[in-house]
Amino acid sequence: MSHSVYAQLLTSAPGSCGDIRKELEAIHGLTIPGSTYSSIWKSLVNCFGTTGAPKIVEDVVDIRVARHTLLRVGRCKKWEVDLLLIDRINKARKNGRQKLRSENAINEPKPDAATKKRKHIINHDHIALPSVDYGSGLRMSQAIAYCAIEQIKNDGSARLKARSNWLEINLENYIEKYWSNLDFGLGKTLQLCGRQAHLSATREKVDLLASSDEIVLPIELKIKRAGGSDLTQLQSYRQDLIDQGYAPENVLGILVAPQFSSKVLNVVRGGTGVILRWFESPM
């Protein structure tokens, strides 16, 4: 197939040109300029190269056709269909990362002289919050409200560490890549169900969505200190899921940051269906 045909292939995907562009941005975590199929195709070539962009187009067309078919023949909500398509979406995202690396389109920022200086590591030992109840009946559990995310390695486990020059997208990419090796301190395996997932009709998207049995866990990531507005945002995602029919006790929000404001600590201490997980990051 010639490269000029791939812009035409985009037109075969269900939905408007803008919908397709937004889906591409959600899958690959990029801003993709363009208001026409041709301009979007050119942007994909700029990002993924002439050999990578065709696969990106084929993946998004496949996902959108499958979603359209499932919505038409079934009675599932859009977010439920997205969960059914999670394997395809994750595969498309993985293809995108590989193409980006091979084309050197995106590189992690290199630390400048300032970031090479010794940074202060935050001490969390003095913070203690009461456990948070979640679940019901025989499956009712208690979650430690405040602890580090542990990364399991061949030689044991260590606290998750971020680099001083990371942006939130770097943290999100890292957590997704090493998801199966991360321990969120719940004593159970969590399944990653989605990334940048829409939970309501608004434009807001939760960074990560996970599940374990009947428990669903919206996860909000912050690369800097998390404040009251960040907690409010996560509570809004919890409410979106509750509005969709999940029992409040089965929705456990996780706010992830290197540090939390005193307001966040006070609210979580009062019981909110939210737990806090920190990672080490030079500040």
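What counts and what doesn't
Residues numbered from 1 in each chain as written. Predicted model: local features only at pLDDT ≥ 70, side-chain atom pairs only at ≥ 80, totals over all residues. Heavy atoms only, no water. Axes fitted to C-alpha atoms, helices over the stretch in contact; angles between N-to-C directions. Helix = DSSP H or I, 4+ residues; strand = E, 2+ residues; numbered from the N terminus. Parallel < 35°, antiparallel > 145°, perpendicular 65-115°, else oblique. Contact = heavy atoms within 4.5 Å. Pairing = 2+ DSSP bridges. Buried < 20%, exposed > 50% of the residue type's maximum accessible area, 1.4 Å probe, protein only. Arc of directions from axis to C-beta. Polar contact = N/O pair within 3.5 Å; in protein donor to acceptor, adjacent residues only side chain to side chain. Phe/Tyr/Trp six-rings, centres within 6.5 Å; stacked < 30°, edge-to-face > 60°. pLDDT = per-residue confidence, 0-100.

Colleague: Even after reading the chapter, I still don't get the packing of helix 2 (residues 17-28) against helix 3 (residues 37-73), so can you show me in this structure?
Modeller: How two helices pack is summed up by the angle between their axes together with the distance between the axes. In contact at an axis separation of 10 Å, helix 2 and helix 3 are set at 100 degrees when each is read in the N-to-C sense. With respect to helix 3, the axis of helix 2 lies roughly perpendicular. In contact with C17, D19, I20, R21, E23, L24, I27 and H28 of helix 2, helix 3 contributes Y37, I40, L44, F48, I56, V60, I63, R64 and R67.

Colleague: Looking at this model, I keep getting lost on the sheet that holds strand 5 (residues 156-159). Mind explaining?
Modeller: The strands making up a sheet associate through backbone hydrogen bonding, with each pair oriented either parallel or antiparallel. With respect to topology, three strands assemble into an open sheet ordered 5-4-6, the strand pairing being antiparallel. Looking at which strands have only one partner, the edges of the open sheet turn out to be strand 5 and strand 6 (182-183). Pairing between strand 4 (residues 150-153) and strand 6: two bridges, direction antiparallel. Paired with Q151 across the strands is L182, a residue of strand 6.

Colleague: Help me understand helix 8 (residues 262-269), please; the structure alone is not making it clear to me.
Modeller: At 3.6 residues per turn, the α-helix brings residues three or four places apart onto the same side. Among the residues making up helix 8, those that are buried are V264, L265 and V268. Take helix 8 and look down its axis: the buried residues cluster within an arc of 100 degrees, on one side only. Along helix 8, the residues that are exposed and aim more than 90 degrees away from the buried face are S262 and K263. Packing partners of the buried residues in helix 8 comprise strand 3 (146-148), helix 7 (228-243), strand 10 (253-257) and strand 11 (274-278). Just past helix 8, the residue G271 takes up positive phi, approximately 90 degrees.

Colleague: What am I meant to see in the environment of Q196 here?
Modeller: Of note, Q196 is situated in strand 7 (residues 191-198). Counting along the chain gives 13 residues from Q196 to L209, while the straight-line C-alpha distance between them is 8.1 Å. Excluding residues within four positions of it along the chain, Q196 makes contact with A26, E172, K205, V206 and D207. In this structure the side chain of Q196 is engaged in a polar contact, spanning 3.2 Å, whose partner is the side chain of E172.

Colleague: Honestly, the packing of aromatic side chains in this entry has me stumped. Any pointers?
Modeller: Centre-to-centre distance and the angle between the planes together describe a pair of aromatic rings. All told, the structure shown has five aromatic pairs when counted by the stated rule. A ring pair is formed by Y174 and Y178, whose centres lie 4.5 Å apart and whose planes are at 40 degrees; its orientation type is tilted. Residue class for Y178 comes out partly exposed when judged on its relative accessible area of 27%.

Colleague: Just checking my understanding: could you explain the confidence of the model for the protein for this structure?
Modeller: Here the protein averages 86 in pLDDT, and 90% of its residues register 70 or above. Mean pLDDT across the elements of the protein bottoms out in helix 4 (residues 78-84) (77) and peaks in strand 10 (97). Counting interchain partners and residues more than four positions distant, the pLDDT-below-50 stretch residues 104-108 has seven contacts.

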